[in-house]
Structure formats: C-alpha cells, structure tokens
Amino acid sequence: MNKIIIHTEFIKLDALLKFAGLCETGGEAKELIQGGAVTVNGEVCTMRGKKCRAGDVVSLDGQTIQIAEGC
C-alpha cells in the first residue's frame with residue numbers, strides 16, 4: 001500500500017487518482033470512477049467529486065493507496 005500525503009483538508013477522488021499516478025487524465029479518472037472500478041474504504045464509489053480525507057484507503061486495479069495528512 002502506497003501513502004499519498006495531502007496538505008489540504010481533502011482531495012477530490014478524480015484529482016487523487018491523477019495525483020497518485022493511477023491514471024493519466026481527468027477524463028480517464030472520470031470513466032474509471034463512473035464505471036465502478038474504484039473503491040473508497042472498501043466500497044465502490046461512483047462519485048468523482050467525493051471528498052477523500054486523511055485515513056481513507058482508495059483502490060483501483062489491485063493498487064491501493066492510503067491518504068495521509070502532511071504538515
């Protein structure tokens with residue numbers, strides 16, 4: 001599991017996928033999310049604007065990342 005450090009209160013799910021390198025474009029992120037390929041904390045999430053916060057775990061295609069809060 002990889003950790004992604006954010007310096008804000010939250011990051012939107014589509015932006016997180018791009019930031020973490022799990023997809024290359026916002027359009028690709030949108031398709032993956034709306035297609036049900038992404039889970040947040042173990043549950044399928046189809047809302048690309050979902051606010052992900054420190055402690056959340058996001059998975060896509062066998063890759064898992066955990067969000068951590070930076071200083």
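Right, let's walk through the structure included here. The residue numbers shown here count from 1 along each chain, following its written sequence. The model is predicted, so local features are restricted to residues of pLDDT at least 70 and side-chain atom pairs to those at 80 or more, both for listing and for counting; the totals for chains, interfaces and linings are taken over all residues. As a rule here, side-chain values come from all non-hydrogen atoms in the structure, and water together with hydrogens is ignored.

What about the overall build of the chain?
Put simply, the rule is: A run of H or I in DSSP counts as a helix once it spans at least four residues, and a run of E counts as a strand once it spans at least two, with each numbered from the N terminus. Atoms counted for the radius of gyration: C-alpha only. Globule rule: 2.2 Å times residue count to the power 0.38. For each residue, the accessible area found with a 1.4 Å probe, counting protein chains only, is set against the maximum for its type, and the residue is called buried under 20%, exposed over 50%, and partly exposed in between. Two residues qualify as a contact provided that any one of their heavy atoms is within 4.5 Å of a heavy atom in the partner residue. Surface accessibility in these figures is a Shrake-Rupley result with a 1.4 Å probe; residues are shielded only by whichever protein chains are displayed. For this count, His and the chain ends are skipped, Lys and Arg are scored as positive, and Asp and Glu as negative. Positions of charges follow a simple convention, taking NZ of Lys, CZ of Arg, CG of Asp or CD of Glu.
Helix and strand counts for the chain stand at two helices and seven strands. Starting at the N terminus and walking to the C terminus, you meet the elements of the chain as β-β-α-α-β-β-β-β-β. Compactness check: the chain gives a C-alpha radius of gyration of 11 Å against a globular reference of 11 Å for 71 residues, within 12% of the reference. Its C-alpha atoms give the chain principal-axis dimensions of about 35 × 20 × 20 Å. Here the chain holds 71 residues, and 30% of them are scored as buried. Partitioning the contacts of the chain with sequence separation of at least 6, the portion at a separation of at least 24 is 48%. A total of about 4,300 Å² of accessible surface is found on the chain, and carbon and sulfur atoms cover 47% of it. When the 8 basic and 9 acidic side-chain charges of the chain are each reduced to a single mean position, those positions are 7 Å apart.

Examining the pattern of salt bridges
The following threshold applies: Only one rule defines a salt bridge in this text: a Lys or Arg side-chain nitrogen within 4 Å of an Asp or Glu carboxyl oxygen.
What the rule picks out here adds up to two salt bridges. The closest approach of N and O atoms between Arg53 and Glu9, which form a salt bridge, is 3.0 Å. Of this pair, Arg53 sits in the loop between strand E5 (51–52) and strand E6 (57–60) while Glu9 sits in the loop between strand E1 (2–6) and strand E2 (11–12); the two residues are 44 residues apart in sequence, bridging distant segments of the chain. With a closest N to O distance of 3.7 Å, Arg48 and Asp14 form a salt bridge. Taken together, the residues Arg48 in the loop between strand E4 (43–44) and E5 and Asp14 in helix H1 (residues 13–19) connect sequence positions 34 residues apart. Residue classification places Arg48 among the partly exposed positions, given a relative accessible area of 37%. Asp14 sits in the buried class, given a relative accessible area of 19%.

A few points about the pairing of strand E7 (residues 63–69)
Defined as follows: Strands pair, by our definition, only if DSSP identifies at least two bridges between them.
Judged from the five bridges that link them, E1 and E7 form a sheet pairing that is parallel. Among the inter-strand pairings, Ile5 is bridged to a residue of E7, identified as Ala68. As defined by bridge partners, E6 adjoins E7 across four bridges and the pair is classed as antiparallel. Across the sheet, the residue bridging to Leu60 is Gln63, located in E7. Taken together, E6 and the strand that follows it, E7, pair antiparallel across an intervening segment of two residues, in which Asp61 is found at a positive phi of about 50 degrees.

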